[in-house]
Amino acid sequence: MADQTVSSLPQSIDATLALLETGGYVADRALATVLFLSLRMKRPLFLEGEAGVGKTEIAKVLATTLDRPLIRLQCYEGLDISSAVYEWNYAAQMIEIRLDEATGIADKTAIERNVFSEKFLIRRPVLQALSGEPGRAPVFLIDELDRTDEAFEAFLLEVLSDYQVTVPELGTIVAAEPPIVIITTNRTREIHDALKRRCLYHWVDYPSAERELEIVRRKVPAANERLSAEIVRYVQKLRDMDLFKLPGVAETIDWAGALTEMDKLALDPETISDTIGVLLKYQDDIARIATGEGRRILDEVKAELNAA
């Protein structure tokens, strides 16, 4: 297996921060450090955290800034080998068999060898990730791994340990260069230690108010400055409440974008009531905000900004 070329990869933690910055991702130094080590040590990066905090975006930014293909395996309950790794193009194989028989080929071994060749192999995300060109290995995003079962986790051990997959009809396919692997989980269930040991780990938390405001400025540059500040403070206070689903950074960005489309310059109770479904996704949470909690939070936000 060839060593991963590092000439295009960041050579320091500061360079990693700058790389993420180039891609519009506002990261803290802890995240940049573990990402730098993951790239240098050729180890998968295991990112855990609540939904909407920017875990998936890291893989997208890496693919863009490093000019690498992004291969995404979206996990779900019941994900199997044929959907994740490979399958055979059975329809094309049957046509090929009929053509061989029509041309008088009687050697069954030759027919079998022909139909189980590369041209009939459908490469799914795992196999695609192992088929990258040397010097330009893809970024392989295994998204929401916690949605799969333990059997699929066990299969991933071979992939993450040796960067290879065994196809019975063809043999073992080994990556010419290991992909950059990013694994995300929303922690709906625990992932087995055997898989975690093969990775570097980082918990992606909700950002501070200052960092979240910077994210909004970058993602919604047309938003009014006062409005952006009020939105961020309002969302930060919501996260201190005992809600069923706390709003993530993605919801903050969506809300800022929605209010900007409405030409709003500041928050007010009516606007919050009309647009709260952009921010909160469960009726019980929305009802709690509508009962007076929302106005109290808004009053606190405006008082704090005025004092500042």
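Here the structure is a predicted model, which means the values were calculated and not measured.

A. Expanded view of the packing of helix H12 (residues 249-261) against helix H13 (residues 269-279). With their axes 9 Å apart at the nearest point, H12 and H13 run at an angle of 140° to one another. In terms of axis orientation, H12 runs oblique to H13. For the pair H12 and H13, the crossing hand works out as right-handed. The residues of H13 that touch H12, namely those facing Glu 251, Thr 252, Asp 254, Trp 255, Ala 258 and Leu 259, are Thr 271, Ile 272, Thr 275, Val 278 and Leu 279. Among the residues making up the contact of H12 with H13, the classes are represented as six nonpolar, three polar and two charged.

B. Summary view of the nonpolar core. Ranked by internal contacts, the top residues of the largest apolar core, which has 53 residues, are Leu 62, Ile 182, Ile 231, Tyr 234, Leu 238, Trp 255 and Leu 267. A per-element tally of this core places helix H11 (residues 225-238) first, with seven residues. With near-sequence residues (within four places) excluded, Ile 231 lies in contact with Thr 252, Trp 255, Ala 256, Leu 259 and Leu 267.

C. Quick look at helix H14 (residues 283-307). Under the 1.5 Å per step criterion, the end-to-end length of H14 is 33 Å for 25 residues, consistent within 8% with the ideal 36 Å. By the largest-angle criterion, Ala 290 marks the main kink of H14, which is about 65°. Where H14 is concerned, the buried positions are Asp 285, Ile 286, Ile 289, Gly 294, Ile 297, Leu 298, Val 301 and Leu 305. Along its buried surface, H14 packs onto H11 and H13.

D. Main features of unusual backbone geometry. One non-glycine residue with positive phi stands out, namely Asp 67, at about 55°. Locating Asp 67 in the fold gives a position in the loop between helix H3 (55-65) and strand E2 (70-74). Of note in this structure, Tyr 163 is not a glycine but carries a positive phi near 50°. Examined against the element boundaries, Tyr 163 turns out to sit in the loop between helix H8 (150-162) and strand E6 (164-167). Here Tyr 163 falls in the buried class, since its relative accessible area comes to 6%.

E. Geometry of the environment of Asp 284. Residue placement: Asp 284 occurs in helix H14. C-alpha separation for the pair Asp 284 and Leu 243, spaced 41 residues apart in sequence, amounts to 8.3 Å.

F. Up close: the side chain of Gln 164. Turning to its location among the elements, Gln 164 is positioned in strand E6. Polar contacts involving the side chain of Gln 164 include one to the side chain of Glu 158, which spans 3.5 Å. The contact partners of Gln 164, leaving out residues within four places of it in the chain, are Leu 130, Glu 158, Val 159, Thr 172, Ile 173 and Val 174.

G. Local environment of the confidence of the model for the chain. Mean pLDDT over the chain: 91, with 97% of residues reaching 70 or higher. Contacts from residues 1-7, a stretch scored under 50 in pLDDT, to residues over four places away or in other chains number 21 contacts.

H. Broad picture of the pattern of salt bridges. Inspection of every chain in the model, using the stated rule, returns 25 salt bridges. A salt bridge links Lys 219 to Glu 57; the shortest N-O distance between them is 3.9 Å. A residue pair is termed long-range when its members are at least 10 positions apart, and Lys 219 in helix H10 (residues 209-219) and Glu 57 in helix H3 qualify at 162 residues. Its relative accessible area of 39% is what places Lys 219 among the partly exposed residues. On the basis of relative accessibility, which here comes to 29%, the residue Glu 57 falls in the partly exposed class. The salt bridge partner of Glu 96 is Lys 119, with a shortest N-O separation of 3.9 Å. With Glu 96 in helix H5 (residues 90-102) and Lys 119 in the loop between helix H6 (108-115) and strand E4 (121-123), the pair connects residues that are 23 residues apart, well separated along the chain. Since its relative accessible area comes to 58%, Lys 119 is described here as exposed. Here the residues in one salt-bridge network are Arg 233, Lys 237, Glu 293, Arg 296, Glu 300 and Glu 304, joined through shared partners.

I. Quick look at the packing of aromatic side chains. Within the structure shown, the criterion is met by six aromatic pairs. With 5.9 Å between their ring centres and 40° between their planes, Phe 152 and Phe 155 make a pair best called tilted. With a gap of three residues between them, Phe 152 and Phe 155 both fall in helix H8, about one helical turn apart. Their ring planes at 65° and their centres at 4.5 Å tell us that Phe 244 and Tyr 282 sit as a pair that is edge-to-face. Within this pair, whereas Phe 244 is found in the loop between H11 and H12, its partner Tyr 282 is found in the loop between H13 and H14, the two being separated by 38 residues in sequence.

Scoring rules and cut-offs
Residues numbered from 1 in each chain as written. Predicted model: local features only at pLDDT ≥ 70, side-chain atom pairs only at ≥ 80, totals over all residues. Heavy atoms only, no water. Axes fitted to C-alpha atoms, helices over the stretch in contact; angles between N-to-C directions. Helix = DSSP H or I, 4+ residues; strand = E, 2+ residues; numbered from the N terminus. Parallel < 35°, antiparallel > 145°, perpendicular 65-115°, else oblique. Left-handed = near helix turned anticlockwise from the far one by under 90°. Contact = heavy atoms within 4.5 Å. Nonpolar A, V, L, I, M, F, W, Y, C, P; charged D, E, K, R; others polar. Core = buried A, V, L, I, M, F, W, Y, C linked by side-chain atoms within 4.5 Å. Buried < 20%, exposed > 50% of the residue type's maximum accessible area, 1.4 Å probe, protein only. Expected span 1.5 Å × (residues − 1). Bend = angle between axes of the 7 residues up to and from the residue. Polar contact = N/O pair within 3.5 Å; in protein donor to acceptor, adjacent residues only side chain to side chain. pLDDT = per-residue confidence, 0-100. Salt bridge = Lys/Arg side-chain N within 4 Å of Asp/Glu carboxyl O. Phe/Tyr/Trp six-rings, centres within 6.5 Å; stacked < 30°, edge-to-face > 60°.

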